[in-house]
Amino acid sequence: MLNAKIAGIGYHVPDNIITNDDLAKVMDTNDEWIRERTGIEERRYATKHKETTTTLGAKAAVQALADAGVDKEEVDFIIFATLSPDYYFPGCGVLLQRELGITNTEIGALDIRNQCSGFIYGLSIADQFIKTGMYKNILLVGAEMHSMGLDFSTRGRNVTVIFGDGAGAVLLQPTENKDQGILTTKLHSDGTYAEKLAFINPGAHGGYHHEQAGEEYDYGYPDTNQYGEMFITPRMLETGQYYPNMEGQFVFKLAVRKFPEVIHEALTAVGLKTDDIDMLVPHQANLRIAQFVQRTLKLQDNQVWNNIHKYGNTTAASIPIALAEAVQAGDVKRGDLVCLAAFGSGFTWGSALIRW
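Residues numbered from 1 in each chain as written. Predicted model: local features only at pLDDT ≥ 70, side-chain atom pairs only at ≥ 80, totals over all residues. Heavy atoms only, no water.

(A) Highlighting the nonpolar core. Core analysis: the largest hydrophobic core is formed by 40 residues, its most contacted members being Leu123, Leu172, Val281 and Leu340. Leu197, Phe252, Val293 and Phe343 belong to the second-largest nonpolar core, a separate cluster that totals 26 residues. (Core = buried A, V, L, I, M, F, W, Y, C linked by side-chain atoms within 4.5 Å. Buried < 20%, exposed > 50% of the residue type's maximum accessible area, 1.4 Å probe, protein only.)

(B) Spatial organisation of the sheet that holds strand β5 (residues 108-112). In space, the 5 strands of this open sheet follow the order β1-β7-β6-β4-β5, with mixed pairing throughout. In this open sheet, the two strands that pair with only one neighbour each are β1 (3-12) and β5. For this sheet the average axis-to-axis angle between neighbouring strands, irrespective of direction, equals 20°. Along the sheet face, helix α3 (residues 53-68) touches β1, β4 (77-81), β6 (138-144) and β7 (166-175) and points at about 125° away from the line of β1. In this fold helix α4 (residues 92-100) packs onto β4, β5 and β6, with an angle of close to 120° to the strand it touches most, β4. (Pairing = 2+ DSSP bridges. Helix = DSSP H or I, 4+ residues; strand = E, 2+ residues; numbered from the N terminus. Axes fitted to C-alpha atoms, helices over the stretch in contact; angles between N-to-C directions. Contact = heavy atoms within 4.5 Å.)

(C) Summary view of helix α10 (residues 287-297). The set of residues buried in α10 consists of Ile289, Ala290, Val293, Gln294 and Leu297. Angular distribution of buried residues about the axis of α10 spans 135°; they occupy a single face of the element. Buried residues along α10 sit in contact with α9 (248-269) and β11 (279-282). Of the residues flanking the start of α10, the one acting as N-cap is Asn286, its side-chain oxygen 2.7 Å from the backbone nitrogen of Arg288. Once α10 finishes, Lys298 follows within two positions and takes phi at roughly 60°, a positive value. (Arc of directions from axis to C-beta. Polar contact = N/O pair within 3.5 Å; in protein donor to acceptor, adjacent residues only side chain to side chain.)

(D) Molecular detail of the pattern of salt bridges. Tallied over the entire structure, the rule returns 12 salt bridges. With a closest N to O distance of 2.9 Å, Lys310 and Glu325 form a salt bridge. A residue pair is termed long-range when its members are at least 10 positions apart, and Lys310 in helix α11 (residues 308-311) and Glu325 in helix α12 (residues 318-328) qualify at 15 residues. Judged by relative accessible area, which is 8%, Glu325 ranks as buried. Within this structure, Asp31, Arg35 and Glu41 form a network of salt bridges that share partners. (Salt bridge = Lys/Arg side-chain N within 4 Å of Asp/Glu carboxyl O.)

(E) Main features of the pairing of strand β12 (residues 337-344). Taking burial as the measure, the 8 residues of β12 include 8 buried ones, the bulk of the element. What you see with β12 is no split at all: Leu337, Cys339, Ala341 and Phe343 on one side and Val338, Leu340, Ala342 and Gly344 on the other are buried throughout. Pairing between β11 and β12: 4 bridges, direction parallel. Its bridge partner lying in β12, Pro282 is registered against Ala341. Here β12 runs beside strand β13 (residues 348-355); their pairing, made up of 8 bridges, is antiparallel. From the neighbouring strand, Gly344 faces β13, where its bridge partner is Thr348. Once β12 ends, the chain turns through 3 residues before running back antiparallel as β13, passing Gly346 with a positive phi of about 140°.

Just distances and angles here, no functional claims.
And the structure:
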């Protein structure tokens, strides 16, 4: 059976650097408060009206293709992971195809919505397609433009200070070398507490999920028999219900449990141990989470790649950005065992082991 390998990798972050002090000018927060809780010092924001999630992804994709030595016309499938698409529909996959100038090839484009775990899920999907021989050059992109939908007021600071914009991409190809490529991927989810980290409105839920949970929540739906008037209401706009929300402590406690579990699961599946890991690239959710996982696995500093201090949490883009940096810095070399792991909204989580 064929293995899927990462033949090329690239990333792109916007030029605009937004420091903690910059955010302190528009909301009640400060540099010390943000660093202590998240480890973030700055993040990047795309330029309004000139950049989008798709354009960021396209720039990362061009780098990945160049790194692999593959012409864009040779790409035979696109997978695009994001929670901040340009449009509600269609997804960014077809927009990326257009941005790259390859609509003439009429290849398939798949959009996946697994938030912080999006890149891992996309990697697993690509792995299966490669192994079966269905595709030979799969372009996997993780990209986000969070800055377009955050609450830049004190009300939203707990969420807003965490997130940044950016994109990462890989080009996956088959290899007959059994000692190279993706060794295994492990995917999980549990929707029990989905609303603990969610972007609820606008949506088609109509209040159903809160009602099922026995919770009262005023969405401002009109008491009429008219069609519509459910997707978004004046009350949602007045009270800021159209911003993402997160119960930080709940997410933290679950994440520090699931990260080590899914990493051990992957290692066990291929008969390896934590000592065999040359580089762990965790989703850049929070530096405290990454440090907790590092201590739990007893890894040294040179075995874990963190860049959240520079870019914040870029959800689906965070792992490919960090992996690309590690590769370009020479800290991931041919033959190294690389472990990728993510946990995020849903809740979903997953891991991947790659022999570089």
